[in-house]
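Structural description and commentary
What follows is each chain in one-letter form.
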Amino acid sequence: MYRYDEFDRAFVAERVAQFRDQVARRLAGEISEEQFKPLRLQNGVYLQLHSYMLRIAIPYGTLSSRQMRALAGIGRRFDKGYGHFTTRQNLQYHWPALVDVPDILAALAEVEMHCIQTSGNCIRNVTADHFAGVAADEICDPRPYAEILRQWSSLHPEFLFLPRKFKVAVTGAPSDRAALRFHDIGYEVKRDASGALGFAVFVGGGMGRTPMIARKLRDFLPEADLLAYTEAILRVYNLHGRRDNKYKARLKILVHEAGPEAIREEIEAEFAAIREGVLRLPDEEVRRIAAYFAPPAYARRPARSAAFEAALAADPAFARWAKNNVAPHKVAGHAIATISLKPVGGVPGDATADQMETVADLAERYSFGEIRVSHEQNLVLPHVARDDLPALHRALADAGLATANAGLATDIVACPGLDYCTLANARSIPIAQRIAGRLADAARQQAVGPLKIRISGCINACGHHHAGHIGILGVDRKGEEFYQITLGGSGAEDAAIGEIVGRGFSGEEVVGAVEAIVDTYVAKRAGPSESFLAAYRRLGPAPFKEALYGAA
Amino acid sequence: MPKPVLRVVTANRLADGRVVFLAGAGWTRAIGAASLLSDPQAEAAALARAEADAAADRVVDVYAVEVVREAAEIVPVRLRERIRLTGPTAGNSVAPSAPRAS
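Residues numbered from 1 in each chain as written. Chains lettered and ligands numbered in written order. Predicted model: local features only at pLDDT ≥ 70, side-chain atom pairs only at ≥ 80, totals over all residues. Heavy atoms only, no water.

In the nomenclature of an unreviewed UniProt entry, chain B corresponds to DUF2849 domain-containing protein from the organism Propylenella binzhouense.

Chain A is annotated in an unreviewed UniProt entry as Nitrite/sulfite reductase of Propylenella binzhouense.

Points about the overall build of chain A
Definition in use: The helix and strand labels rest on DSSP assignments: H or I over at least four residues marks a helix, E over at least two residues marks a strand, and numbering proceeds from the N terminus. Accessibility here uses a 1.4 Å probe with only protein chains present; expressed as a share of the type maximum, an area under 20% marks a residue as buried, one over 50% as exposed, and anything in between as partly exposed. We call two residues in contact when some of their heavy atoms are within 4.5 Å. What sets the accessible areas is the Shrake-Rupley method with a 1.4 Å probe; for residues, cover comes only from the shown protein chains.
Helix and strand counts for chain A stand at 18 helices and 21 strands. With the principal axes as the frame, chain A shows a C-alpha extent of 60 × 60 × 60 Å. Buried positions account for 62% of the 552 residues belonging to chain A. Long-range contacts, defined here as pairs at least 24 residues apart, represent 68% of the contacts in chain A between residues at least 6 apart. When the accessible surface of chain A is totalled, it reaches about 20200 Å², and 53% of it is carbon and sulfur.

Looking at unusual backbone geometry
All names here are of chain A. For H464, which is not glycine, the phi dihedral falls at a positive 55°. Along the chain, H464 turns up in the loop between strand 17 (453–456) and strand 18 (470–477). For H464, a relative accessible area of 13% corresponds to the buried category.

Considerations on the UniProt feature "domain: Nitrite/sulphite reductase 4Fe-4S" (unreviewed entry) in chain A
Residue and element names in this part refer to chain A. As a reminder, the rule being used: UniProt positions are given in the numbering used here, feature names are shortened, and annotations may be inferred rather than shown by experiment.
Annotation from UniProt places "domain: Nitrite/sulphite reductase 4Fe-4S" (unreviewed entry) at residues 119–271 and 411–523. Secondary structure across residues 119–271 divides into 30% helix and 18% strand, with the first and last C-alpha atoms of the span separated by 28 Å. From the first C-alpha to the last, residues 411–523 spans 22 Å; its make-up is 28% helix and 23% strand.

Here we look at the sheet that holds strand 5 (residues 73–76) of chain B
All names here are of chain B. Where we set the bar: Strand pairing is assigned whenever DSSP identifies at least 2 bridges connecting the two strands. Fitted lines through C-alpha atoms give the axes, limited to the stretch in contact for helices. The angle between two N-to-C directions lies from 0 to 180 degrees.
Taken together, the five strands give an open sheet; going across it, the order is 3-2-1-4-5, and neighbouring strands pair in antiparallel fashion. Looking at strand neighbours, the two that pair on one side only are strand 3 (26–28) and strand 5, the edges of this open sheet. Recorded for the sheet is a direction-independent mean angle of 50° between the axes of neighbouring strands. Where strand 1 (residues 6–13) meets strand 4 (residues 59–70), seven bridges bridge the pair, whose relative direction is antiparallel.

This is the structure in structure tokens:
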């Protein structure tokens, strides 16, 4: 894993000291709220409905057991004993006091973490495939490039006051597990015909009130050009992005309004001017950073594990967990284990301090001390020996962390919604809880198969509803919570924006509506192997409309 | 007869962000103790007092909230304000072994 160097350590320590002073001056009345607000936002501090909220960056979703323990400790000491993992691989505390934030930042700095650029119109935390470095289908670990982008974009003076926020994601596999095409920039690491490393470049994607799928600007950008090309994109955006209307200020709008060809020409012209300059990545520097992400010292193991297979045969609960929560690993005899943070009736993405410590301990015992956060609000142990999976499952079950639903209908992504958020129009979490409760039967979930239900409590789409196979958007209709349903969205390599199926539903009705959609899919699919998306694309919305609203 | 709509002035406390309501003697966490405002003049005066407290860096985000009396309780009209008053409705990890009083 990456370790801070002297520069990282110095600038994080400096920021903690600065913010401690800023908070003290704010509390003493020396600076006004108007002056303070941009300062607190630059340090990840929001004011929510009940309290302040602090958002912590987890770069490319990778953290160590030591860091996870520190997060648990902060949750216990300064929050209400838990934390909330988000769709941007971040962690949010929902109850910190402003007076405590400087101490929290100091505690984070001790484990090489911070909240810089988790808010504001700057380049946000770079996200990545949560299976990076271990996925069986991976071309190359994308995290060294995410780390290079993190270093380049941290406190970059030219890009701290962009027209709007800016999100970058990096993947290293043809399967898109990071919603690449819904980011301002998505880089997919690949090899060209000669075997050289580089990137497919996707630009101008996003969710929010105007969802857009990113356009592919380059099929192959050589590795050495990563920063020069990124800077060229940011410069074109910084120059032409709208600053007169925050709803039209994202790069996606610029790409849409100017047209991808015009934008490509501008970016390529800027890139040509700076390509051979200081931003050209030296090969030795890429290798130096990549060395931090070198695979751990896996023991040589046979591909088949007798212990694993015995447990599969003996324990149906383990078999169900293994089927849904265990993914193939690139190294023989190993597996990737997803820890679902979606127990039926729970709050999607929440983990108690005790659970965080359990995960830290289990990662140390079974996963070389490494943990990932997925944008689907789950945790991942990336390096588990197949022989250890039964013991890991037992330990997770003891901590209430063995929910065997990864990728199934009850693995619902939901934003905090009106239970916490000042922007929300409707609640998300209780809807997720009730839908999960309705679809909870294990055999039924298994029969339905993979299904992505995504819920946002407002048009800003933090719950990724546009990318849900079934998306739910909460709106305020004359003071009542009301929910619009979209169908056919995907955040994967077949990215699509869900289409509104028809008139919306009350909070009471929406659970039954989702169940009707699920039942219609199961009844009309060509067979259990036809996915929801494939069935929707074949059938169109008509059978779903009929199930929801009756025959036309 | 629809219940008469009254108003209370609310804000978040600067130091810890907690929801507070304007009362005769200052700010209170208990809406039942808040000053109930029944006419525009009273509301304007209360908002002016509250804004002065915001300017004096005690609270942030001052505004007036519609409430009604239900039995002995003062209840905000809008769901958002009811959630601000009583906390998240979502259960579970929001009510663990809380080590800190809020």
